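Working through the structure, step by step
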Amino acid sequence: MGVGASRAAVVEYQHVSKRYAAARPQRGSPAAPGAVNDLSLTVPAGKICVLVGPSGCGKTTSLKMVNRLIEPTGGRILVDGVDVAGRDATELRREIGYVIQQVGLFPHQTIGANVAVVPRLLRWPAARQRERAEELLALVGLEPAIYRDRYPAQLSGGERQRVGVARALAADPPLMLMDEPFGAVDPIVRERLQNELLRLQAELAKTILFVTHDIDEAIKMGDLVAVMQAGGRLEQFGPPAQILAAPASAFVAEFVGADRGLKRLSLSRVGDVALQPVVTARVGDPAGEARARTFADPFPYLLLLDAADRPIGWISQRHVPASGVLEASLATPMSPLLDRRTTLKDALSMMLDADVQTGIVIDRTGRLRGVLSVEAIAAALRPDADPGAIAAGTAGAGG
Amino acid sequence: MIDWGWLAGHVDAIAYRTGQHLYLAAIAVGVGFAISLVLALVAARRRVLYPPISALAGILYTIPSLALFAALISITGFSVVTAEVPLVMYTLVILVRNIVAGLDGVPAEVLEAADGMGHTRRQRLWRVELPLAVPLIVAGLRLATVSTIGLVTITGTISDAFGGLGYFILDGYHRGGFPTEMYAGALPSILLALGADFLFVRAQRRITPWAQTRALEATAS
Ligand SMILES: Nc1ncnc2c1ncn2[C@@H]1O[C@H](COP(=O)(O)OP(=O)(O)O)[C@@H](O)[C@H]1O
Ligand SMILES: [Mg+2]
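Reading guide: rules and limits
- Numbers given to residues run from 1 along each chain, matching the order in which its sequence is written.
- Think of it this way: whatever chain is written first is A, whatever ligand is written first is 1, and the rest follow in order.
- Given that the model is predicted, a residue must reach a pLDDT of at least 70 before its local features are reported, and side-chain atom pairs must reach 80 or more before they are shown or counted; all residues, however, enter totals for whole chains, interfaces and linings.
- For the side-chain quantities, the full set of heavy atoms in the structure was used; hydrogens and water were omitted.
- Strand pairing is assigned whenever DSSP detects at least two bridges linking the two strands.
- Secondary structure elements follow DSSP: runs of H or I of four or more residues count as helices, runs of E of two or more count as strands, with numbering from the N terminus.
- Each axis is a line fitted through C-alpha atoms, taken for helices only over the stretch in contact, and angles between the N-to-C directions span 0 to 180 degrees.
- In this description, contact between two residues means that some pair of their heavy atoms is separated by no more than 4.5 Å.
- Take the residue count of a helix, subtract one, and multiply by 1.5 Å to get its expected span.
- Accessible area is worked out with a 1.4 Å probe on protein chains only. A residue is then buried under 20% of its type maximum, exposed over 50%, and partly exposed in between.
- In this context, the arc is that of the directions from the helix axis out to the C-beta atoms.
- For every domain, the bounds stem from an assignment made automatically or drawn from a database.
- We define the nonpolar core as a collection of buried residues of types Ala, Val, Leu, Ile, Met, Phe, Trp, Tyr and Cys that are connected through side-chain atoms lying within 4.5 Å of one another.

Notes on the sheet that holds strand 10 (residues 233–238) of chain A
All names here are of chain A. Taken together, the six strands give an open sheet; going across it, the order is 6-7-8-3-9-10, and neighbouring strands pair in mixed fashion. Looking along the sheet, the strands with just one partner apiece sit at the ends: strand 6 (96–100) and strand 10. Adjacent strand axes in the sheet meet at a mean angle of 15° when their direction is disregarded. Of the strand pairs in this sheet, strand 6 and strand 7 (residues 175–179) are connected by five bridges, and their pairing is parallel. Counted as the bridge partner of Gly 97 is Met 176 from strand 7. Contacts between helix 7 (residues 157–169) and the sheet are confined to strand 6 and strand 7, with strand 6 contributing the most and set at about 165° to the helix.

Side note on helix 3 (residues 50–62) of chain B
All names here are of chain B. Over its 13 residues, helix 3 runs 19 Å from end to end, which matches the ideal 18 Å to within 8%, given 1.5 Å per residue. Taken residue by residue, helix 3 has Tyr 50, Ile 53, Ser 54, Ala 57 and Leu 60 as its buried positions. Down the axis, helix 3 shows its buried residues gathered within 120° of arc, on one side only. Opposite the buried face of helix 3, by more than 90 degrees, sit the exposed residues Leu 56, Ile 59 and Thr 62. On its buried face, helix 3 sits against helix 2 (11–45) and helix 5 (80–104).

Let's talk about the domain arrangement of chain A
Looking at the assigned domains, one finds that chain A contains domain 1 (11–258) and domain 2 (270–389). One C-alpha centre belongs to domain 1 of chain A, the other to domain 2 of chain A; they are set 44 Å apart.

With respect to the nonpolar core
Residues and elements named next belong to chain A. One finds Val 52, Val 115, Leu 169, Met 178 and Phe 210 to be the most contacted residues of the largest nonpolar core, which totals 47 residues. Among residues more than four places away in sequence, those in contact with Met 178 are Leu 63, Val 99, Val 165, Leu 197, Ile 208, Leu 209, Phe 210 and Val 211. Within the second largest apolar cluster, 28 residues are counted, among which are Leu 41, Cys 49, Leu 92 and Leu 175.

Considering the sheet that holds strand 16 (residues 368–373) of chain A
Residue and element names in this part refer to chain A. The strand order 14-15-16 describes an open sheet built from three strands, whose pairing is mixed. Of all the strands in the sheet, the pair left with one neighbour each is strand 14 (337–338) and strand 16. Across two bridges, the pairing between strand 14 and strand 15 (residues 358–362) is parallel. Residue pairing for strand 15: Leu 338 is matched across the bridge by Val 361. Taken strand by strand, helix 14 (residues 344–354) contacts strand 14, strand 15 and strand 16, and its axis lies near 75° from that of strand 16.

Below is the structure:
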C-alpha cells in the first residue's frame, strides 16, 4: 500500500452528550453535570479539526466517543455517514488511528513490532507487516535500520511520540484521533513534531481530530478550530483566522488572548500579501540615471542588485553618486531577507530585530521579488483587509 | 567427621532422592502456578474478588503441614496427592499476589493504547498484559520454587517413600544425629535451590530482553 494512496473520512457529531455516572450515586442528589453537552459539528474529509479549550472541558471525552472508548449518553457520531454505535468496537478502532499524550508504546515489543501492532491485529502477512513498519518509520523520520530493533525504553520522548504517530498510521486509517499528542515533549521538539505532522498531512490528507489545551497549537495545526467551554459546550467552530478575527463570545476572546491580533500574523505568509515595488539598479549601472530615478520615487532608498538580480543592499538616495557607475561597496545590507513562506509574524519580528521598516522578499533562487513594509503588515491585519488566510477570517467580522 | 564409606554406599540412593526431590517440587510449583494464574486472572478481571482470594491464600499458608497430612491421609492415603496438597497450597499466596501485582503494574496508557488500537480483551491479556507481568511472575516463581524445595523435606513425615533429600535429614536425625547422612540430604537440596533460581534468572533474561534495556543502554553508550 503506497503512503500516498490514502482515504479520508467525514466525522459528524450530532447532538452528542456525555454524562458520567456519579461516582457514588445517591438518591435525591442532582445528577453529575454533563462532561459534553449537545455537541454538534462536522469535520470535512482531509482536514485537521482541533478541539481546544481549558482543562476538563470535555475534549478527551469528545474524542474517545468517536472510537467508542467512551459511549455517549445522547446523540450520535457518524463516520462516513455510519453511526459508530452500530459498529463492532474493535473493528472500528482498527480503522481509526489513535495517538495519546503518554504514547503508550508496548515496552516489551521492539519499535518495529510496535508500529506493526494494528497490521498484526488485521492479520497481514508477516513480510508485509515488516515492510509497512519500515516504511512508516522512515516516514516519521526514524531511520528503520537504527530504530526497528530497539525497545521503547531506549528512545527519547520525541522519538517515542514519532513512533506513536507511525503506529497510528500503520493501517492507513482514514481518520486519526490525536489527544494532546505533543503535550509531553519540550517546546523545541514540539515545534518540530508539529511541523512534521503538517508536512505529513500535506501528503496524506487524513481527517484528523486533534485535541489540545494550547490555543497557539490549535491555531497552528487546525484547518478548523472548535473552541470548547466547561461542560463540553461548543463556543465557536471555524477556521483559525475567523476565531482570531471575530471571536463569537467573550469566553472565546479571552481564551484566544489579548494578543489575538499578533496571533493572526502567524496565519498569513509573506506570499499572501501584495508586495511593493522598489527602485532598483544593478552593480555597474550608470549612477546618474539611477539617482534620477530614486529621486523621482517617494521612497528615499535605492536597492542595489547583483548581475543575477539578487539584492546586495540599500543606498540612500543622497549617497547615490551623480556620475560614474554603481559599486557594490556603496550599499549597506540591513533589511532581513524574507521569502514567500515566511509568516507575517516572523517577518515582523525579523524587521523589528534589524530595526528597519522594510523587509526584502526574495524567491527560491535569491532573486528580488519586492519589498514588504511594516505598514503593509499592519494593513493586512485590518478586519477589512483581503489578503490570503486573513480574508477567510473576516466573514462575519465587524459585528 | 564425614563417613565416606556411607556416602560411597549410598550414591544411588542420593541420586534417586535428588530426582524425587525435584519431581515433588516441580509438580508443586507447576500445579500451584496453574491454579494461581487462574485465580489471579479472575481477581484481575473482577476486582472485588481479589481481597477474598488473597486472604484465602494467606490462610492456607498458615495451616501446619503435619495437621494437614494427618487430615489428608484419611482421604487420599499415603499417596503423592497427600504429599503435594500442602506444597501446592503454600505456593499460592506468593504466586497469586505476584501475578496480580504484575498485571496491576501494566501502565494505564499502555492499556488505553491497546484498547484504542482494537485489541479484544483476550488479545490484550495475552499480547500485552501477561508479557508485561512476566518479570513479577518470574520473581514469584523463584520465591515459590526455592521455598518449595525447602519444604519438600516435610513430605518425609508422611512415610519413608516421600521426602526427597529430606529423607536423609529425617533419617539421620532419628538415628540420634548422623551428620554424614544429614549433610547428604541438606547440601544437595541447597544446591538444587540455587540451581533452580539460577535457571529462572537465565530464562527471564531470555524471554524479557526489553526489561534489560537499561543495561543495554549503559553498554551501548
Ligand atoms: N471516567 C470518568 N468518570 C467521571 N468523570 C469523568 C471521567 N472522565 C472525565 N470525567 C470528567 O469529565 C469532564 C471532562 O473530562 P475530559 O474529557 O477528560 O476533559 P479534557 O480532556 O478537556 O481535559 C471533567 O470534569 C472530568 O473530571
Ligand atoms: Mg484531556
